[in-house]
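Residue strings, one per chain:
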Amino acid sequence: MAHSPTTALPRALAPWVRTLLLMLALAASITLFTCGPCWSDPHEMMANFLFCLAFTVGLWLTNGFAVEWLNGYVSWKQQPVKRLILTLIVSLGGSLVVIFGLHFVYRVLYRGHDASVLLSAPVLRQLAFPIVITIICSLVMHSRAFLQGWREALVSNERLQKENAVSQYESLRKQVNPHFLFNSLNALTSLVEEDPKRAVRFIRQLSEVYRYVLDSQEQEVVSLAEELRFAESYLYLQRTRLGEGLDVAFDLPPAAALEQFMLPPLALQLLLENAIKHNATRTDQPLRIRVELDQAAQQVVVRNTLRPRRVSPEESTGLGLSNLQARYAFLSKQPVQIEQTATEFIVKLPVLEMATA
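Computed from a predicted model, the values in this text were never measured in an experiment.

J.: Mind showing me how you'd approach the sheet that holds strand β3 (residues 261-263) here?
T.: Backbone hydrogen bonds are what pair the strands of a sheet, in a parallel or an antiparallel way. The strand order across the open sheet built from three strands is β1-β3-β8, with neighbouring strands paired in antiparallel fashion. With partners counted over all chains shown, the strands left at the sheet margins are β1 (222-223) and β8 (352-353), one partner each.

J.: Explanation requested: the nonpolar core in the structure shown.
T.: Considering soluble globular proteins, one finds that nonpolar side chains tend to be buried as a cluster. Among the nonpolar cores identified, the biggest contains 47 residues, and L224, L246, L272, I289, V300 and L349 are the most heavily contacted of them. When residues in this core are grouped by element, the largest group, 10 residues, is from helix α7 (residues 224-242). Contacts of L349, omitting those with residues within four sequence positions, involve L263, A267, L268, L271, Q298, Q299, V300, L324, Y328 and V336. Within the second largest apolar cluster, seven residues are counted, among which are F51, L59, V98 and L102.

J.: Whenever I open this one, the pairing of strand β4 (residues 287-294) confuses me. Can you help?
T.: Put simply, side chains in a regular strand alternate between the two faces of the sheet. Burial of the side chains of β4 is restricted to one face: L287, I289, V291 and L293 are buried, whereas none of R288, R290, E292 and D294 on the reverse face is. In this structure, strand β2 (residues 246-251) lies alongside β4, joined through six bridges in parallel fashion. Paired with A249 across the bridge in β4 is R290. The sheet contact formed by β4 and strand β5 (residues 299-305) spans six bridges and is antiparallel. Opposite V291, over in β5, you have V302 as the bridge partner. Between β4 and β5, which follow one another and run antiparallel, lie four residues, and Q298 among them has a positive phi close to 55°.

J.: I'm lost on the packing of helix α9 (residues 267-278) against helix α10 (residues 320-331) in this one. Help?
T.: The geometry of a pair of packed helices is captured by two quantities: the angle between their axes and the separation between those axes. Orientation of α9 relative to α10, taken along the N-to-C sense of each, is 160°, at an axis distance of 11 Å. Taken together, the axis directions place α9 and α10 in an arrangement best described as roughly antiparallel. Seen along the crossing, α9 lies across α10 with a hand that is left-handed. Along its contact with α9, which presents A267, L270, L271 and N274, the element α10 presents G320, L321 and L324. Along the lines of polarity and charge, the residues of the contact of α9 with α10 split into five nonpolar, two polar and no charged.

So, how was this worked out
Residues numbered from 1 in each chain as written. Predicted model: local features only at pLDDT ≥ 70, side-chain atom pairs only at ≥ 80, totals over all residues. Heavy atoms only, no water. Pairing = 2+ DSSP bridges. Helix = DSSP H or I, 4+ residues; strand = E, 2+ residues; numbered from the N terminus. Core = buried A, V, L, I, M, F, W, Y, C linked by side-chain atoms within 4.5 Å. Buried < 20%, exposed > 50% of the residue type's maximum accessible area, 1.4 Å probe, protein only. Contact = heavy atoms within 4.5 Å. Axes fitted to C-alpha atoms, helices over the stretch in contact; angles between N-to-C directions. Parallel < 35°, antiparallel > 145°, perpendicular 65-115°, else oblique. Left-handed = near helix turned anticlockwise from the far one by under 90°. Nonpolar A, V, L, I, M, F, W, Y, C, P; charged D, E, K, R; others polar.

Laid out in structure tokens, this is it:
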């Protein structure tokens, strides 16, 4: 059942109301237990209560703002030492500004004392109490922020690991699906009858494809050179089946230069398979696929001509690209970029450079 705006608003305000009531109760308690003369002077009690309330609200907002600002600036998970130092500087520094500022308002502007009174021994001794309260509140709030960040990091890591495992399984399942094997065996049957020598090579390439699929499942990344060798085996099978209806070109540096670039296994093959699966291939109008390396942008760019054809639900789950994006989210901050024009479908895969000693 949907909640009406009148019920949703009080729910949104409930945390703020609870916080306000807590601060009012805290200010009242401090006033009652620290100001003996106030019991016989309501005016003095009200003045001290407002002073304590201003202290409570000011310190609460200062430390709350410090938590939010630091959360967006530096993470407990990534830079814990830096975060701890900044927490001490921002939280305690801001709190001291609030404490001295309120004492200036109360003693100099309200009471009419000279500003030098702020540095007198009695006033400095009185500052010890709010500073201790500030340290306690700061520890509570920043510890809570640390624990929340730690918990979110654990949940995020678990989710990404699950998505990576699911996507790896999906990649394996897609590569050994009956359609691919069925089409390959049909092509092999024709070759055995027409060209036995090509049939032998076809069998070897088919074996290479399945060996790579099985071996790569335990690896998070492989070199671009290794992925290209596998793609060539895969394309040999597809060219045998589709003939001149498939035109694939590579614009890449020499293989030795590609060893330093890494990407998830089967990533390139997935894009080749998607292009072949979702587009029509004809001898007079071949499906053109171009694979190139943009070293400046650190991307492998795969583009294919766009001539969509209908694909049965059994042949396509529609999860390939989304799983590939989830795998990249686990490995890199750079996302997979997908673009579509009137004539082309383009996917840009970020490549990871191999760390050197």
